[in-house]
Amino acid sequence: MDLSLTASELKFRDELRAWLKNNLPPKGAHALNAAHSAADFHGQIKDWQRKLFEGGYAGIAWPKEFGGRGATFIEQAIFQEEMALADTPETATIGQSLVGPTIIAVGSEAQKKRFLPGILSGQEVWCQGFSEPNAGSDLASLQTKATLDGDHFVINGQKIWTSFAHFADLCLLIVRTDSAAAKHKGITCLLVDMKSPGITVRPLKMMSGDSEFNEVFFSNLRVPVDRMLGKVNEGWNVAITALSNERANLGIGLYVAFKRNLDAVVEQARTLRRHGRPIIEDPVLRQKLAQAYVDLEVFRLNTARGLSTLNKTGVPGPEGSIQKLYWSELNQRNAQIAMEVLGPYGQLTDFDGGRCVYNYLRSRGNTIEAGTSEVQRNIIAQRVLGLPRSY
Ligand SMILES: Cc1cc2nc3c(=O)[nH]c(=O)nc-3n(C[C@H](O)[C@H](O)[C@H](O)COP(=O)(O)OP(=O)(O)OC[C@H]3O[C@@H](n4cnc5c(N)ncnc54)[C@H](O)[C@@H]3O)c2cc1C
């Protein structure tokens with residue numbers, strides 16, 4: 001496998017580097033944990049996304065006809081890598097990586113025209129209303145109900161763990177439209193305006209201290225029929241398209257952030273002392289740091305392999321589950337090693353700006369969000385290895 005960049009990929013990277021140099025906002029609070037409030041974070045996401053859009057760097061691999069740059073998936077990966085290297089502010093990821101590609105795949109022409117520009121320009125931030133209190137891994141058991149009343153669906157029920165719902169403008173929502181049908185057959189996907197009457201959002205606190213996700217309640221919410229994405233009762237396939245895009249996209253660009261964290265830990269292990277000698281001389285921790293480096297290299301090379309497949313097929317396949325499983329567990333292991341290296345320092349928020357303790361606490365959610373590790377293993381077993389279903 002030749003991992004070197006082609007001349008045009010190098011040109012793309014160099015132009016992007018130059019653009020970032022001139023356009024990166026001054027360093028400040030840009031992680032959700034460091035933002036003063038959800039409103040601040042919302043503003044930061046929108047401002048940065050608008051800047052990228054104006055610079056021609058929104059929707060890198062989206063087709064040109066839908067406002068994207070029409071670049072390859074390799075160039076999209078270069079973009080994400082450069083963003084991570086420059087430690088840029090966050091972007092509106094749910095809209096660009098999950099909702100947009102799903103609307104492009106199954107949306108009507110009117111829906112593409114209405115929603116894609118707002119995703120690219122950052123004017124409209126999206127959330128994903130899939131999970132419910134009794135429907136997570138077994139998502140098809142969802143109970144939020146939609147009944148047809150003239151030219152509107154009337155929605156009643158509850159979603160949970162809905163990331164960014166407290167400041168999202170729109171939601172990709174899946175609801176039950178036929179309770180008598182087999183559970184995968186009676187689901188419909190809707191594009192919902194979060195400011196509509198009938199929606200109540202209650203933020204939930206995570207153990208990292210953030211309120212990143214929410215409970216969302218629907219009481220007689222009216223959604224026009226033309227906001228249906230795909231066909232009635234065929235929303236399961238739409239949901240799978242969205243989830244495949246989510247899993248394929250989440251890991252790209254993470255290598256740089258993980259490598260930065262590991263480099264910082266190695267540096268701290270050189271300077272901090274325990275039992276009268278530098279921590280780096282502790283033979284057990286040296287073993288763990290070396291293993292962490294090896295794991296990161298495996299992740300980097302596997303990402304390149306996944307990208308090369310994606311570049312050929314254009315469609316994220318079940319292999320995205322391999323990456324999701326690998327990076328989420330790797331990040332937890334490395335966050336644990338960082339805490340072991342730092343010892344009590346790791347718990348001080350004024351030691352490294354609280355980065356280490358935040359990473360440790362936030363990484364716990366990595367093996368749950370976008371499908372748990374067990375669910376990823378089931379997908380790999382069934383859809384990659386062709387093994388029989390486990391349930
Ligand atoms: C940080 C974070 C952000 C999230 N953001 C969103 C969001 O924006 N939108 C959204 O809709 N959801 C979101 N979620 C929810 C997430 O998708 C669900 O939590 C996840 O799918 C698991 O569902 P559950 O919590 O109901 O757990 P359950 O499905 O109840 O699982 C409980 C345990 O049982 C295991 N298990 C379940 N079924 C099987 C099986 N068949 N085989 C083996 N083991 C099994 C699971 O792996 C898990 O360990 C988020 C979650 C987190 C942590």
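It should be noted that the structure appears before, not after, this text.
One numbering rule holds for all chains: residues counted from 1, following each sequence as written. Owing to the predicted nature of the model, reporting of local features is limited to residues with pLDDT of at least 70; listing and counting of side-chain atom pairs is limited to 80 or more, with chain, interface and lining totals taken over all residues. Side-chain numbers here rest on the full set of heavy atoms in the structure, without hydrogens or water.

S.K.: Let's hear about the overall build of the protein chain: which residues, and what values?
M.R.: Only DSSP runs of H or I reaching four residues or more are called helices, and only runs of E reaching two or more are called strands; each is numbered from the N terminus. Along its length, the protein chain carries 11 helices and 10 strands. Considering only C-alpha atoms, the protein chain reaches an extent of 75 × 45 × 45 Å along its principal axes. Residues are treated as being in contact if the distance between any of their heavy atoms lies within 4.5 Å. Intrachain contacts of the protein chain at a sequence separation of at least 6 include 71% that bridge at least 24 residues. Total accessible area on the protein chain stands at roughly 19000 Å², and carbon and sulfur atoms take up 54% of it. Using a 1.4 Å probe, accessible areas were evaluated by the Shrake-Rupley method; residue-level cover was limited to the displayed protein chains.

S.K.: Residues and numbers for a nonpolar patch on the surface, please.
M.R.: Together, Ile 322, Val 384, Leu 385 and Leu 387 give the surface a local cluster of nonpolar side chains, amounting to about 330 Å² of exposed area. Tracing the chain through its elements places Val 384 in helix 11 (residues 373-384). Here a patch means residues that are over 30% exposed by relative accessible area and free of salt bridges, tied together within 9 Å if like-charged and within 5 Å if nonpolar (Val, Leu, Ile, Met, Phe, Trp, Tyr). We count a salt bridge whenever a side-chain nitrogen from Lys or Arg sits within 4 Å of a carboxyl oxygen from Asp or Glu.

S.K.: Let's hear about the site of the ligand: which residues, and what values?
M.R.: Working definition: residue near molecule or strand if any one of its non-hydrogen atoms lies within 4 Å of it. If you check the shell around the ligand, you find 18 residues, and the closest are Ser 131, Ser 137, Trp 161, Thr 372 and Glu 374. Ser 131 has a polar backbone atom sitting 2.7 Å from an oxygen atom of the ligand. Pairs of N or O atoms are called polar contacts if they sit within 3.5 Å, as long as, within protein, a hydrogen donor faces a hydrogen acceptor (for residues adjacent in sequence, only side-chain-to-side-chain pairs). Glu 374 is positioned such that a nitrogen or oxygen atom in its side chain is 2.6 Å from an oxygen atom of the ligand. Against a free-state accessible area of 970 Å², the protein chains account for coverage of 69% of the ligand. Its residues assigned to classes, the shell around the ligand shows six nonpolar, nine polar and three charged. When residues are grouped by polarity, Ala, Val, Leu, Ile, Met, Phe, Trp, Tyr, Cys and Pro land in nonpolar, Asp, Glu, Lys and Arg in charged, and all others, Gly among them, in polar.

S.K.: Outline the packing of aromatic side chains, listing residues and values.
M.R.: In summary, the pairing rule links any two rings of Phe, Tyr or Trp, Trp by its six-membered ring, whose centres are within 6.5 Å, and it sorts them by plane angle into stacked for under 30 degrees, edge-to-face for over 60 and tilted for everything else. In the structure shown here, the tally under the stated rule is nine aromatic pairs. Plain terms: the ring middles of Phe 258 and Trp 327 are 6.2 Å apart, the flat faces sit at 45 degrees to each other, and that makes the pair tilted. Of this pair, Phe 258 sits in helix 7 (residues 254-271) while Trp 327 is found in helix 9 (residues 320-342), placing the two residues 69 residues apart along the sequence. According to the relative accessible area criterion, Trp 327 is buried, its value standing at 5%. An aromatic cluster of three or more residues is present, and its members are Phe 12, Trp 19, Trp 48, Tyr 57 and Phe 79. Placement of a positive charge over a ring is assigned whenever Lys NZ or Arg CZ falls within 6 Å of the ring centre and within 35 degrees of the normal to the ring plane. One Lys or Arg, Lys 324, reaches over the ring of Trp 327 and ends 6.0 Å from the middle of that ring. Each residue is placed in one exposure class: buried if its accessible area under a 1.4 Å probe, protein chains only, is under 20% of its type's maximum, exposed if it is over 50%, and partly exposed if it falls in between.

S.K.: Can you break down the packing of helix 9 against helix 11 residue by residue, with the values?
M.R.: Helix-helix packing is characterised by the crossing angle of the two axes and by the distance between the axes. Structural elements are reduced to axes, namely lines fitted to C-alpha atoms, with helices fitted over the stretch in contact, and the angle between N-to-C directions of any two is expressed from 0 to 180 degrees. One can describe the packing of helix 9 onto helix 11 by two numbers: an axis separation of 9 Å at closest approach and a directional angle of 150 degrees. Put simply, helix 9 runs roughly antiparallel to helix 11. Relative to helix 11, the crossing made by helix 9 is left-handed. Packed against helix 9, whose contacting residues are Ser 321, Ile 322, Lys 324, Leu 325, Ser 328 and Glu 329, the element helix 11 presents Ser 373, Gln 376, Arg 377, Ile 379 and Ile 380 at the interface. Here roughly perpendicular refers to angles of 65 to 115 degrees, roughly parallel to angles under 35, roughly antiparallel to angles over 145, and oblique to all remaining angles. In a left-handed crossing the near helix is turned counterclockwise from the far helix by less than a right angle, and in a right-handed crossing that turn is clockwise.

S.K.: Would you mind going over the side chain of Gln 49 in detail, with residue names and values included?
M.R.: Mapping Gln 49 onto the fold places it in helix 2 (residues 38-54). The class for Gln 49 is buried, based on a relative accessible area of 0%. Side-chain polar atoms of Gln 49 contact the side chain of Gln 96, separated by 3.0 Å. A polar side-chain atom of Gln 49 sits 2.9 Å from the main-chain carbonyl oxygen of Leu 120.

S.K.: I'd love a proper account of the state of the cysteines, names of residues and values included.
M.R.: Every disulfide links exactly two cysteines, by a covalent bond between their sulfur atoms. Count a disulfide wherever a pair of cysteine sulfur atoms falls within 2.5 Å. Tallied over the entire structure, the rule returns zero disulfides. Free cysteine: Cys 127, not disulfide-bonded; nearest cysteine sulfur from Cys 171 at 3.7 Å. Residue Cys 127 is classed as buried on the basis of its relative accessible area, which comes to 0%.

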